[in-house]
Each structure stands twice: as structure tokens, then as C-alpha cells.
Amino acid sequence: MTPAIEATDLSRTYSGGYEAVAGISLTVPRGEVFALLGTNGAGKTSTVELLEGLAAPTRGTVRVLGHDPYRERAAVRPRIGVMLQEGGFPSDLTVAETVRMWAGCTSGARPAGEALDSVGLTGRERVRVKQLSGGERRRLDLALALLGRPEVLFLDEPTTGLDAEGRRDTWDLVRALRAGGTTVLLTTHYLEEAESLADRLAIMHQGRIVLSGTPAEVTAAQPARIRFTLPADVPAARLPLRLRAADDGGRVEIRTHALQDDLGELLDWARETGTRLGALDARSASLEEAFLDIASRAQETSTPRTPAQEAAVR
Amino acid sequence: MTTTTVSRDTGADGRPSTTRTRLAALARAELTLLGRNRNALFIAAVMPLLMVVLLRSSLRGLDPKVLAIGAGPATLVGGTGMILLVVVYMSLTSSLVARREELVLKRLRTGEASDTEILVGAALPAAAISLAQCAVLVAAGVTALGADAPARPDLLLLGLVAAVVLLAGLGALTTTITRTVESAGLTTLPLFLVSSFGSGLFVPRETLPGLAADLSELLPLSGVMEFVRAGWLGTAHAGNLLTAALHTVAWGVVTGWAVRRRFRWEPRR
């Protein structure tokens, strides 16, 4: 079966010469929930717009359900659902009128009542869009993206602006869709959202995918950290050489892919030498650290990727 | 919130959307919006009437020898052009800008409607309203202004339809230089003024000095106005009409091409 989404060497350069997407390749098999993570300006929305077929890529190819979403719009649109980062509904229409407008443009549209019920907007039919809260507008947008029972659903920051309950409801909805076989590609800057929803994720930075895989793989690619402070009279140079410690004025950080072994060695050394380790903290890598690590490299634009990162992209 | 209702197995209710259902849905939404926007409603419903009244009083003051066709018929010909300009061109420009700035156009493009359908759907209410007002003008002309009924209704109708299509295209094109709904009043002014004086709306073209009259023939609306005039007055020469038709088609093609190339579907950021 053709993958739901397949992008090869995708680039998008804006008219001013700014390259928002700089050579992205990704494949999303059918039935998978795929999350695109990244800081603001990383190129998530520019990428999603290419996948949705709203714009043509400067270079590279996109296939959605086997078709070019830009050139073969008519073949792709009836089978996908899209929720943009910012809604786009006339503020003077009521909820019911908006659903009716969208239903007229949608093949196999579900009944309005059912669609609104699925996002918890029952009873708001006669309210004008401009009088809805930000969260309600997001949910209306979601209801319309789902109106044609899409095979592939694109959600650009679906939970931004939602309260905790709305966010959890949306997550439940995405899980229910996944259980029904829908492929979902979502962007988010909430790490827990990607971690709890996505089968696979990719972290974007400056128009490129710098890390990708299952949430577990992505975190496993990151080193764990051990942090502590040494007494003033113990220089960091006395630490066992094998521990690759970085000393910053008595505050020591060890990054390691073998947390248990290195922590054991550190503790053995501390007991043998009678050293008190202050504020000792050891933690395995988390998605958040992977993310922050990438974000902190914002200035190092020309840093080549390490082999481990290179491998993760493949 | 019942997430259990989400499933992809399409029931028997799943009708495919067609050009007809899409245009109907888009036009209906646009009409509802027009009814809820006081400014847009004023422009579409009241302004043409005011223009026609104004036109009549200004034409009455003209020397009948200059005017050549009498104030009544001149009002009808000019009034028709005025309705088309105000209702189709000006109001469509501002409503398209409003939809673009609210990201409605961008959102619609994520759905099944084609680009053409989105634009046509948005233009349908204005087109229908302008044609209805022209019908009212015909009735008013015959009853109140003492004019004859249109001599060649077929030519009049042809001219009206062509004018609506051309003006809708020009309206779409004008959105490319219009950043906000408020500025639409300004950006639509040049074509409005040039057409009023150059295409025989306020002032019949015969009253223009030689060179201006020649140049005015090149304006976008001059061709369709030739048809409108021929439709009302029956003063048609086959040669003139052929030139006018070619002229209109040429403007239509250039406008359509420019809209395809230049139209912006989302706000400038």
C-alpha cells in the first residue's frame, strides 16, 4: 500500500530568498500518528503547507495517498482533512452556517450535529464565530477538518490556545481517529503532546529535520546527564578520566550514554576518596532535553550534524 | 464529548460534493455575510440608487444637443454601468479582501472547492444583486423616467453578463493592491472614476474631446458599455459591436491571466 504521506528532498524558498524548508524527507505509513516538532520559525507550518498542497515546493516531491497534493488537488482533497494553525472562518457566520458552508464543499459530509458533538460544540449552533472563545474556534475548526471522514488528517498546532480539558479531549479524539485507521500528521510545540500521541516524531530546526524516530528512539539518541558540585578543595581533574566531565566553576556535568555504569563509577570514586557530591542529580534523556539541546544550537548555524544525528535522520 | 462517533466507514449519507453544491454553499454563505455587514449592504443596495438619482439630475443640466440621446435614456445607460461598477466591482473587491484577511480564502483552499469555484462562489451574490437592480432600473425607466423599453434586450443581457464577469475579474485583481477592507474604497476609485468619465457612464463619450474619446475607447468597460447602450437604444452597428466584443474578450483574457498569476489567497505577513 502506498504510504499516506511521502516527501522527498522537500525545499521551500520564499520570494525574498528565505529558505524555510531546506531539504526534508519523511514517510508516514497509513494509520500512523506523526508529530512534527520544532521551535517557532523552525519551518513546521511551511512544511505542512507543502504536504497539504497549499503551495508548490521549490524543490523535491510530495505524495499524499500516492498523488501530488498541489497538482492533483481534486484527487487528494476529498480524502484529506486540514486544520490550519489559525482558523479561517467568516466571523459573522454562526457555527451552524459555517458547518453548512463547509459541508457543501465536502464529499460524504457527516451530519452537522454529529460533527459538532464529536468536538463538544453541541448547543452552540446559533452562536456567531466571532463570539466563540479561542478554544471553541479551534474545536469548530477540528470538526470541519473531520467533516468528510478524511483518510489523512493534517493538524497544525491543534491544541494551541486550548485549556487543559480541551487539550485532553483533543488527544482523546486523535487517539480515537487513530484507532479508526486515520493517518494523522500534527505539528506541536508541546513535547508531552508529541510524546503521548505520536507513533513517530521528527524535530525540525532551521528548515531541516535534525532528529526523528519513535519518541523512545529520539530520547535514546540523547545522552543522559549527571550533575553535581564538588567541594572547593577537590578539583574536577581528580575525577576518574573515563568520566567525560565538564567543569564549570565547581559545578560538574557528565553526559553519557551509559548512565548506570558511569554513575556507579562516580559513586565508587566518591566513596573511596571520601568526597561529598553536592546537589547530585542523575537523569536519563528526555524528549524535552533533546528538544532544548537542539533549540540551544540556534546560533550555531553552520555546525555540521554529528554521525548519530545523521543516522537518526535516515 | 463522544469520541466513539468518529469512524471512517462512510455511511449511505456520503454524497460527493460537486461544482453545483460547492458554488451553492459558498454563495449562500457570502449572501448571509452581505446581509450582516451594514457597510457592504449599503454599498450593494443603497449606493447604486443614489448614484442613479445623482446621475439623472446631472444629466438634466446638460445641453440636449451635446447629449444627443436625451436625459432619460442617458440615465438608464449610465445607471446600468454605475450599478455594475458599484455592486460587482467595488463590493466584491472589499468582500474578497475581507475573506482573505480573515484567512477564509486560505481555509477554503484546503477543501475540495477549486480556486475558480471559490472566486465564483464569492461573486455570485453580487452578480445576482446587480442583475436584479438592472431589472428594477428597466422597470423604473419605463414607468418613471418615460423611456422606451430596451430596444434589444438580447444585446443588453449579453452586455450585462459580460460586464459582470469582467468586473468580477477586475475586482479580484484589485484585491492584489488592497491590504485592508478600509483601503478598498481608495483602490477601487481609479477604475470607478476613469470608467465613469471615459466609458460613457456619467458623461456620454460623445461629449469628450477628440483624443480623450479615442483613448477612452480602450478602457476596460468601454466594450461592454457599447453593448449596454445598443441594448437600451437599439443604436447598434454590427461593426461597432464586433469591435466591442473583441475588446471585451481581450480585457477578459488579460484580466483572467493576471488574476491567476497575481491573486493572493492569504494576507501578507
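Parameters and conventions
Residues numbered from 1 in each chain as written. Chains lettered and ligands numbered in written order. Predicted model: local features only at pLDDT ≥ 70, side-chain atom pairs only at ≥ 80, totals over all residues. Heavy atoms only, no water. Helix = DSSP H or I, 4+ residues; strand = E, 2+ residues; numbered from the N terminus. Buried < 20%, exposed > 50% of the residue type's maximum accessible area, 1.4 Å probe, protein only. Contact = heavy atoms within 4.5 Å. Areas by Shrake-Rupley, 256 points an atom, 1.4 Å probe, with all protein chains shown as cover. Lys, Arg positive; Asp, Glu negative; His and termini not counted. Charge placed at Lys NZ, Arg CZ, Asp CG, Glu CD. Phe/Tyr/Trp six-rings, centres within 6.5 Å; stacked < 30°, edge-to-face > 60°. Lys NZ or Arg CZ within 6 Å of the ring centre and 35° of its normal. Axes fitted to C-alpha atoms, helices over the stretch in contact; angles between N-to-C directions. Left-handed = near helix turned anticlockwise from the far one by under 90°. Nonpolar A, V, L, I, M, F, W, Y, C, P; charged D, E, K, R; others polar. UniProt positions renumbered as here; feature names shortened; annotations may be inferred. Expected span 1.5 Å × (residues − 1). Polar contact = N/O pair within 3.5 Å; in protein donor to acceptor, adjacent residues only side chain to side chain. Salt bridge = Lys/Arg side-chain N within 4 Å of Asp/Glu carboxyl O. pLDDT = per-residue confidence, 0-100. Pairing = 2+ DSSP bridges.

### Looking at the overall build of chain A
So, point 1. Counting its secondary structure elements, chain A contains eleven helices and 13 strands.
So, point 2. Seen through its C-alpha atoms, chain A measures out along the principal axes to roughly 75 × 45 × 40 Å.
So, point 3. The buried share of chain A, taken over its 314 residues, is 51%.
So, point 4. A separation threshold of at least 6 residues defines the contact pool for chain A, and within that pool the share at least 24 residues apart is 67%.
So, point 5. Entry remark: accessible area of chain A is about 13900 Å², with carbon and sulfur atoms responsible for 49%.
So, point 6. With 38 positive and 43 negative side-chain charges, chain A shows a separation of 4 Å between the mean positions of the two kinds.

### Thoughts on the packing of aromatic side chains
So, point 1. Applying the stated rule across the entire model yields three aromatic pairs over all chains.
So, point 2. A centroid spacing of 6.3 Å and a plane angle of 90° characterise the contact between Phe89 of chain A and Trp102 of chain A, whose relative ring orientation is edge-to-face. One end of the pair, Phe89 of chain A, is in the loop between strand E5 (80-83) and helix H3 (95-104); the other, Trp102 of chain A, is in helix H3, and 13 residues separate them in sequence. With respect to burial, Phe89 of chain A and Trp102 of chain A carry one shared label: buried.
So, point 3. Lying across the ring of Trp102 of chain A, Arg107 of chain B places its NZ or CZ 4.8 Å from the centre.

### Things to note about the packing of helix H4 (residues 71-101) of chain B against helix H11 (residues 222-233) of chain B
Residues and elements named next belong to chain B.
So, point 1. Here H4 crosses H11 at 140°, and the two axes come no closer than 10 Å. Seen from above, H4 lies across H11 with right-handed handedness. In this structure, H4 contributes Pro73, Leu76, Val77, Thr80 and Gly81 to the contact, and H11 contributes Met225, Val228, Arg229, Trp232 and Leu233.
So, point 2. In terms of residue class, the contact of H4 with H11 is made up of seven nonpolar, two polar and one charged.

### Description of the UniProt feature "domain: ABC transporter" (unreviewed entry) in chain A
So, point 1. Per the UniProt entry, the sites bearing "domain: ABC transporter" (unreviewed entry) are residues 5-231 of chain A in this numbering.
So, point 2. The span residues 5-231 of chain A is 31% helical and 28% strand by assignment, and the distance between its end C-alpha atoms comes to 55 Å.

### A closer look at H11 of chain B
Residues and elements named next belong to chain B.
So, point 1. With twelve residues, H11 ought to run about 16 Å at 1.5 Å a step, and its terminal C-alpha atoms sit 16 Å apart, in line with that.
So, point 2. By the criterion of burial, H11 is predominantly enclosed, with eleven of the twelve residues buried.
So, point 3. Ser222, Gly223, Val224, Met225, Glu226, Phe227, Val228, Arg229, Ala230, Gly231 and Trp232 are the residues of H11 that are buried.
So, point 4. Next to the buried residues of H11 lie H4, helix H6 (115-143), helix H7 (153-174), helix H9 (189-198), helix H10 (210-216) and helix H12 (238-262).
So, point 5. Looking one or two residues past H11, Gly234 carries a phi angle of roughly 75°, positive in sign.

### Observations regarding the environment of Tyr14 of chain A
All names here are of chain A.
So, point 1. Topologically, Tyr14 is positioned in the loop between strand E1 (5-13) and strand E2 (19-28).
So, point 2. Note on Tyr14: relative accessible area 34%, which makes it partly exposed.
So, point 3. For the pair Tyr14 and Leu239, spaced 225 residues apart in sequence, the C-alpha separation works out to 52 Å.
So, point 4. Leave out the neighbours within four places in its chain, and Tyr14 touches Ala20 and Ser46.
So, point 5. In this structure the side chain of Tyr14 is engaged in a polar contact, spanning 2.8 Å, whose partner is the side chain of Ser46.

### Examining the UniProt feature "transmembrane region" (unreviewed entry) in chain B
Residue and element names in this part refer to chain B.
So, point 1. Mapped onto the present numbering, the UniProt feature "transmembrane region" (unreviewed entry) falls at residues 40-59, 71-97, 118-143, 155-177, 184-203 and 241-259.
So, point 2. Within residues 71-97, the helical portion is 100% and the strand portion 0%, while the C-alpha atoms at the span's ends are 37 Å from each other.
So, point 3. End C-alpha atoms of residues 118-143 are separated by 39 Å, and the span's content is 100% helix alongside 0% strand.

### What to know about the interface of chain A and chain B
So, point 1. Taken residue by residue, the interface counts 50 residues in chain A and 39 residues in chain B.
So, point 2. Our count for the chain A to chain B interface comes out at four salt bridges.
So, point 3. For the salt bridge of Asp115 of chain B with Arg73 of chain A, the shortest nitrogen-to-oxygen distance reads 2.7 Å.
So, point 4. One can count 16 residue pairs in polar contact (both at pLDDT 80 or more) joining chain A with chain B.
So, point 5. Put simply, the parts of the chain that give the side of chain A that touches chain B at least two residues each are E5, H3, helix H4 (112-118), helix H5 (134-145) and helix H6 (164-179) of chain A.
So, point 6. When residues in the side of chain A that touches chain B are grouped by element, the largest group, six residues, is from H6 of chain A.
So, point 7. When the residues that make up the side of chain A that touches chain B are grouped by side-chain class, the tally is 20 nonpolar, 14 polar and 16 charged.

### A short note on the side chain of Ser216 of chain B
So, point 1. Considering the arrangement of structural elements, one finds Ser216 of chain B in helix H10.
So, point 2. There is a polar contact of 3.3 Å between the side chain of Ser216 of chain B and the backbone oxygen of Gly198 of chain B.

### Notes on the confidence of the model for chain A
So, point 1. Within chain A, residue pLDDT values average 88, and 94% of them lie at 70 or more.
So, point 2. For residues 301-314 of chain A, every residue scores under 50 in pLDDT, and the model assigns this stretch 13 contacts once sequence neighbours within four places are set aside.

### Concerning the sheet that holds E2 of chain A
All names here are of chain A.
So, point 1. An order of E2-E1-E4 is seen for the three strands of this open sheet, with the pairing classed as antiparallel. One side of each edge strand has no neighbouring strand; the edge strands of this open sheet are E2 and strand E4 (59-64). Recorded for the sheet is a direction-independent mean angle of 20° between the axes of neighbouring strands.
So, point 2. Helix-sheet contacts for helix H1 (residues 44-52) involve E1, E2 and E4, and the interaxial angle to E1 is about 125°.

### Some details on the sheet that holds strand E6 (residues 152-156) of chain A
All names here are of chain A.
So, point 1. On the basis of which strands lie adjacent, the open sheet formed by six strands has the order E5-E6-E7-E3-E8-E9 and mixed pairing. Two strands close off the open sheet at either side, each with one partner strand: E5 and strand E9 (208-213). Strand-to-strand twist across the sheet, computed as the mean angle between neighbouring axes with direction ignored, equals 15°.
So, point 2. Sheet topology places E6 next to strand E7 (residues 183-188); five bridges connect them, and they run parallel.

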